[in-house]
Amino acid sequence: MSVVSTGTVYIRPQHLRFDGTPPLWWLLTSRRWIGPLPINAFLIEHADGLVLFDTGQDQTSVTDPDYFPKGFTGLLNRRLARFDVAPDQTLTARLAGIGYDIADVHTVVLSHLHIDHVGGLPELRHATIVVSGEERRTLERPFAEVNGLMRNHIMLPGLRWQLITPQPTDDPSLTPFTDVHDLFGDGSLVLLPTPGHTPGSLSLLVRRPDCPPLLMVGDLTFDVHLMESGQVPGLGQRSRSRESTRKVNIIRQSHPDLVILPTHDPEASARLAVAEQTKPASGR
Ligand SMILES: [Zn+2]
């Protein structure tokens, strides 16, 4: 299991943590940035091939003036986040830097379809792209672009999509999650619905015999410590974010060694490095 970051992002303090301010207000008036935060993509070596969770930010987003929409939507996007992606921070280059060939990536799981999670898709036309069916349907909604969903950077020709719908499970170790998607049917990679940030957001639970379990939560939180205290980010459907956060905090209690890996948490890569050296808790 490895992590690479395809550049960095700066966000508003009110985005990191909901403080009661209406999103449109702070989007238009905030003068502060928090960052740099990583834009992580997680690589998992599975017996069936290499699996990626999230694909980072497209390098052309900082070089192509037409990458983002124009007008009010473009203004909101520029007010929402600032990206730095160096020429050597493409997904292909970052994976090569840790000794992997992107051509060997077999399956890609997208936590959700925001721009900083789908940026590697142009480099992944050979892989199967897994996303929740509910998330993909949000692309058809009015004002999808205002909500950070850019169809022209997602529905690329040649991509092979697999839309999943979580199914009921009787695995007691996944409580309180009642509906999940077992990616390869062997229980090692299990997708948990964690809506809130977006309607179809997914988290990926990685269970391995020789290491602590890992949970990649996408943008459910930007900071594990905030999540532990039940706080949620300032964008998305906060009631659903709170419910997903509550569920993840319950599963942490039943898996005390569970390592939480948010896509933009600056501590995620260090936490993963420690997890890779750690023996699992006894009794599992
Ligand atoms: Zn993100």
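Whatever comes next refers back to the structure up there.
The structure reproduced in this document is the subject of the present report.

Definitions and limits used
Residues numbered from 1 in each chain as written. Predicted model: local features only at pLDDT ≥ 70, side-chain atom pairs only at ≥ 80, totals over all residues. Heavy atoms only, no water. Pairing = 2+ DSSP bridges. Helix = DSSP H or I, 4+ residues; strand = E, 2+ residues; numbered from the N terminus. Axes fitted to C-alpha atoms, helices over the stretch in contact; angles between N-to-C directions. Contact = heavy atoms within 4.5 Å. Donors = N, O, S within 2.8 Å, 3.2 Å for Na, K, Ca; no water. Tetrahedral: all angles 85-135°; square planar, octahedral: opposite > 155°, others 65-115°. Buried < 20%, exposed > 50% of the residue type's maximum accessible area, 1.4 Å probe, protein only. 1 Å grid on protein atoms, 1.4 Å probe; cavity = no way out; pocket = protein on both sides within 12 Å on 5 of 7 lines; lining within 4 Å. Points joined across faces, edges and corners; volume = space filled by probe spheres on them. Nonpolar A, V, L, I, M, F, W, Y, C, P; charged D, E, K, R; others polar. Core = buried A, V, L, I, M, F, W, Y, C linked by side-chain atoms within 4.5 Å.

Our next topic: the sheet that holds strand β4 (residues 81–84). Strand pairing in a sheet takes place through backbone hydrogen bonds and is either antiparallel or parallel in direction. Across the sheet, seven strands lie side by side as β4-β1-β2-β3-β5-β6-β7; this open sheet has mixed pairing. Two strands lie at the open edges of the sheet, namely β4 and β7 (160–164), each paired on one side alone. When strand polarity is set aside, the average angle formed by the axes of neighbouring strands in this sheet is 25°. With seven bridges connecting them, strand β1 (residues 2–11) and strand β2 (residues 34–46) associate as antiparallel partners. Across the sheet, residue Ile11 finds its bridge partner in β2, namely Ile34. Most of the contacts of helix α3 (residues 71–80) go to β4, to which it runs at about 70°, and overall it touches β1 and β4.

Here the focus is the coordination of the zinc ion. Listed as protein donors to the zinc ion are Asp116 (OD), His117 (NE2), Asp219 (OD) and His264 (NE2); their distances from the metal cover 2.0 to 2.2 Å. For the zinc ion, the four donor atoms in the first shell make angles of 79 to 163° at the metal, a pattern classed as irregular. Look at where the donors of the zinc ion fall in the sequence and you get D-H-x101-D-x44-H. Here Asp219 is found in the loop between β12 (214–218) and α7 (224–228), whereas its partner His264 is found in the loop between β13 (259–262) and α9 (268–277), with 45 residues between them in sequence. Overall, the relative accessible area of 5% leaves Asp219 in the buried class.

Glancing now at the sheet that holds strand β8 (residues 167–168). If you trace the six strands from one edge of the open sheet to the other, you get β8-β9-β10-β11-β12-β13, paired in mixed fashion. Looking at which strands have only one partner, the edges of the open sheet turn out to be β8 and β13. Of the strand pairs in this sheet, β8 and strand β9 (residues 179–182) are connected by two bridges, and their pairing is antiparallel. From the neighbouring strand, Gln167 faces β9, where its bridge partner is Val180. Contacts from α9 reach β12 and β13 within the one sheet, and its direction differs from that of β13 by about 150°.

So, about the layout of surface pockets. By volume, the largest pocket is sized at about 770 Å³. Taken together, 34 residues make up the lining of the largest pocket; nearest its centre are His114, Val146, Asn147, Gly148 and Leu235. Of all the secondary-structure elements, those providing two or more residues to the lining of the largest pocket are β1, α2 (23–29), α3 and β4. The residue makeup of the lining of the largest pocket, split by class, is 19 nonpolar, 12 polar and three charged. What the second largest pocket holds in volume is close to 150 Å³. Ranked by the residues each element gives to the lining of the second largest pocket, the list is headed by helix α5 (residues 133–137), at three residues. Looking at the lining of the second largest pocket residue by residue, the classes come out as six nonpolar, five polar and three charged.

What follows covers the nonpolar core. Among the nonpolar cores identified, the biggest contains 26 residues, and Val105, Leu110, Leu113 and Trp161 are the most heavily contacted of them. Elements with a contribution of two residues or more to this core: β2, β3 (49–53), α4 (91–97), β5 (105–109) and β6 (128–132). When near neighbours in sequence (up to four residues on either side) are disregarded, Val105 contacts Leu43, Leu50, Leu52, Leu95, Leu124, His126 and Ala127. The next biggest cluster of nonpolar side chains, apart from the first, holds 21 residues, and it includes Met1, Phe42, Leu189 and Leu191.

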